[in-house]
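Structural characterization, general
Residues per chain, in single letters:
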Amino acid sequence: MKYAKCIDTGERIEALKNTDAICEICTEKLIAKCGEIMVHHWSHASSSDCDSWYEPETVWHREMKNYFPKQNQEITMQNHRADVKTDTGVVVEFQNSSISTEEIKEREAFYGRMVWLINGDEFKNNFCYVNLSQAKIERSFCVDYQWQHFRKSWLASNRPIFIDNLLNGFYYNEELFEDDSIAYIKPTMRPMHNGWLCFIKKRTFIDFVNGNLSVDFLNSTSNYLTLPDIKKLDAVNWGEYGN
């Protein structure tokens, strides 16, 4: 975990050698892991995290958390630690590793108003795109996709799913696409092996989950969609996150 409660000051602090701190969930004393290989983090002495939904912190986790203010990162909610909870009450879970169908359902039922952001770096080569030559990274754009060997556990999700790093190092007609994009995934059928993806800038994603985008939408003559467009197209009740 990135933050712990300093015993001396009571403040939330990042891992620092020779500093005493406790877990904000279980109050167990933590160990600061500040090596040269892994990202600096706090660890339970028992080597098992008290949050049953914990996954090891990666550089990607840390980079995504840092897009949000400190007070919105690693928010304790009963016996769980949300990666991010915005001022508008939306929880953002950053998922790097595989996850079971049962855990997806449990987290969504527990957090309610939430979205997923998955690190797609390991399976990005399983995506095939249609009409990508029309895409312009500088703006939001949508393309049809085919997802080979898709991860079936995500069929259990009833919340919006975004995927990071799908275009990281991706070449099309000898053009290298930028890394600063996140894809909103909208299947056209079940299973979700094909449908369309809407690529947006990371900054747009952050503004979206923070509630900073207007609700005016849909220029029907354009393939460029804003995230409010997506909310309408996905028919999700973003106020209540009903199923």
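Calculation rules
Residues numbered from 1 in each chain as written. Predicted model: local features only at pLDDT ≥ 70, side-chain atom pairs only at ≥ 80, totals over all residues. Heavy atoms only, no water. Helix = DSSP H or I, 4+ residues; strand = E, 2+ residues; numbered from the N terminus. Buried < 20%, exposed > 50% of the residue type's maximum accessible area, 1.4 Å probe, protein only. Contact = heavy atoms within 4.5 Å. Areas by Shrake-Rupley, 256 points an atom, 1.4 Å probe, with all protein chains shown as cover. Core = buried A, V, L, I, M, F, W, Y, C linked by side-chain atoms within 4.5 Å. Pairing = 2+ DSSP bridges. Salt bridge = Lys/Arg side-chain N within 4 Å of Asp/Glu carboxyl O. Phe/Tyr/Trp six-rings, centres within 6.5 Å; stacked < 30°, edge-to-face > 60°. Lys NZ or Arg CZ within 6 Å of the ring centre and 35° of its normal. Arc of directions from axis to C-beta. pLDDT = per-residue confidence, 0-100.

**Considering the overall build of the protein chain**
- Summing up its helical and strand segments, the protein chain has four helices and 16 strands in all.
- Per-residue burial for the protein chain yields a buried fraction of 48% across its 243 residues.
- In the protein chain, the proportion of contacts linking residues at least 24 apart, taken out of those at least 6 apart, comes to 54%.
- As displayed, the protein chain offers around 12,500 Å² of accessible surface, 46% of which is attributable to carbon and sulfur atoms.

**A short note on the nonpolar core**
- Ranked by size, the top nonpolar core spans 27 residues in total, and within it Phe127, Tyr129, Trp147, Ile163, Leu166, Leu197 and Phe199 carry the most contacts.
- The set of elements that each furnish at least two residues to this core consists of strand E6 (73-77), helix H2 (101-111), strand E9 (114-119), strand E10 (127-130), strand E11 (141-147), strand E12 (161-164), strand E15 (182-187) and strand E16 (194-200).
- With residues up to four places along the chain from it excluded, the contact list for leucine 166 reads Gly120, Phe123, Lys124, Phe127, Tyr129, Ala183, Leu197 and Phe199.
- With 18 residues, the next largest nonpolar core counts Trp60, Phe94, Cys198 and Phe205 among its residues.

**Some thoughts on the sheet that holds strand E3 (residues 21-22)**
- Pairing is antiparallel in the open sheet, where three strands are placed in the order E2-E1-E3. Each edge of the open sheet carries a strand with a single partner, namely strand E2 (12-14) and E3.
- When strand E1 (residues 3-6) meets E3, the two strands line up antiparallel, connected through two bridges. Paired with lysine 5 across the bridge in E3 is isoleucine 22.

**Some points on the pattern of salt bridges**
- Here the structure, examined in full by the defined rule, presents 11 salt bridges.
- Measuring nitrogen to oxygen at the nearest pair gives 3.3 Å for the salt bridge that ties aspartate 20 to lysine 29.
- Of the residues examined, lysine 29 reaches a relative accessible area of 47% and is grouped as partly exposed.
- With its nearest N and O atoms 3.1 Å apart, the salt bridge here joins lysine 202 to aspartate 164. Of this pair, lysine 202 sits in helix H3 (residues 202-209) while aspartate 164 sits in strand E12, placing them 38 residues apart in sequence. The same class applies to lysine 202 as to aspartate 164, namely buried.

**Focus: the packing of aromatic side chains**
- By the definition in use, this model includes 13 aromatic pairs.
- When the centroid spacing of 6.5 Å and the interplanar angle of 65° are considered together, the rings of tryptophan 147 and phenylalanine 150 count as edge-to-face.
- Ring pairs connect the aromatic residues Phe123, Phe127, Tyr145, Trp147 and Phe150, which therefore count as one cluster.
- The residue whose ring lies beneath lysine 152 is phenylalanine 150, and the NZ or CZ to ring-centre distance is 5.3 Å.

**As for H2**
- Listed as buried for H2 are Glu103, Ile104, Arg107, Glu108 and Tyr111. Each buried residue of H2 lies within a common arc of 130° when the element is viewed along its axis, so the set occupies one face. Seen from the buried face of H2, the exposed residues on the opposite side, beyond 90 degrees, are Glu102, Lys105 and Ala109.
- Just beyond H2, the residue with positive phi is glycine 112, at close to 70°.

**Considerations on the confidence of the model for the protein chain**
- When pLDDT is averaged along the protein chain, the result is 78; 74% of the residues meet or exceed 70.
- Scored below 50 in pLDDT, residues 135-139 makes 12 contacts in the model with residues more than four places away or belonging to other chains.
- When the criterion is pLDDT under 50, residues 233-243 qualifies, and its contacts beyond four places in sequence or with other chains add up to 22 contacts.

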